[in-house]
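Listed below, chain by chain, are the residues.
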Amino acid sequence: MAEHDVPVITRANTYGDQTEQSGDCVRKSGVSPQHTPATKIWFGQVSNEPGHRSPPHHHEEAETGGYVLRGHGRIYYGKDYKEYMDLYEGDFVFVPPFMPHVEVNMSTTEELVWLTCRTPDNLVKNLEDVPDEQLEGYRRS
């Protein structure tokens, strides 16, 4: 074991905010190259205020896993973002590399919070936005 091989703790009030973002979907890292010795993983907390959403985006070559801590989320994808899947507390989701999608908080009163893990890093490529009306069932708070 090398002398520098020790655990690194990111305390709750020190989550990293030097990470790529997409609109109202706020990402804060707990384990990432931005503030730990990690080189092949980004692991953090993502939150959407009530009624907020991300613009369309994808995560380049990164594989993404998510876990809903609380709230009701929806991921729109496919042609013109006409397809979607709902996520609830305790659900996991895998988002393939380069898949355009929109992340939405379906509640207009409660925050959506999830954990997200990506390899190799939190890569975000924002795409041209779409009007809210194009996203079936979505409404802002």
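In the block above lies the structure referred to throughout.
I will try to describe carefully the structure that is included in this document. (Residues numbered from 1 in each chain as written. Predicted model: local features only at pLDDT ≥ 70, side-chain atom pairs only at ≥ 80, totals over all residues. Heavy atoms only, no water.)

### Remarks on the overall build of the chain
Reasoning step 1: Of the regular secondary structure elements, the chain holds 0 helices and 10 strands.
Reasoning step 2: Going from N to C terminus, the chain has its helices and strands arranged as β-β-β-β-β-β-β-β-β-β.
Reasoning step 3: Sequence-distant contacts, at least 24 apart, represent 72% of the contacts inside the chain between residues at least 6 apart.
Reasoning step 4: Of the roughly 7900 Å² that the chain leaves accessible, carbon and sulfur atoms contribute 53%. (Helix = DSSP H or I, 4+ residues; strand = E, 2+ residues; numbered from the N terminus. Contact = heavy atoms within 4.5 Å. Areas by Shrake-Rupley, 256 points an atom, 1.4 Å probe, with all protein chains shown as cover.)

### Regarding the side chain of Arg118
Reasoning step 1: Locating Arg118 in the fold gives a position in strand β9 (residues 112-119).
Reasoning step 2: Buried charge Arg118 goes without a salt bridge, the closest partner of opposite sign being Glu103 at 4.6 Å.
Reasoning step 3: Among the polar contacts made by the side chain of Arg118, one reaches the side chain of Asn122 at a distance of 2.3 Å.
Reasoning step 4: Setting aside residues up to four positions removed in sequence, Arg118 forms contacts with Arg27, Lys40, Ile41, Trp42, His59, Ala62, Glu63, Thr64 and Leu123. (Buried < 20%, exposed > 50% of the residue type's maximum accessible area, 1.4 Å probe, protein only. Lys, Arg positive; Asp, Glu negative; His and termini not counted. Salt bridge = Lys/Arg side-chain N within 4 Å of Asp/Glu carboxyl O. Polar contact = N/O pair within 3.5 Å; in protein donor to acceptor, adjacent residues only side chain to side chain.)

### Some details on the pairing of strand β6 (residues 83-88)
Reasoning step 1: Inspection of the sheet shows strand β5 (residues 72-77) paired to β6 by 6 bridges, in the antiparallel sense. Bridge pairing in β6 places Gly73 opposite Leu87.
Reasoning step 2: Counting the residues that bridge the hairpin from β5 to β6 gives 5 residues, and of these Gly78 lies at a positive phi of roughly 80 degrees. (Pairing = 2+ DSSP bridges.)

### Observations concerning a nonpolar patch on the surface
Reasoning step 1: Where nonpolar side chains cluster on the molecular surface, the patch consists of Val31, Ile41 and Phe43 and spans about 200 Å² of accessible area.
Reasoning step 2: On the secondary structure map, Val31 appears in strand β1 (residues 25-31). (Patch = residues over 30% accessible without salt bridge, like charges linked within 9 Å, V, L, I, M, F, W, Y side chains within 5 Å.)

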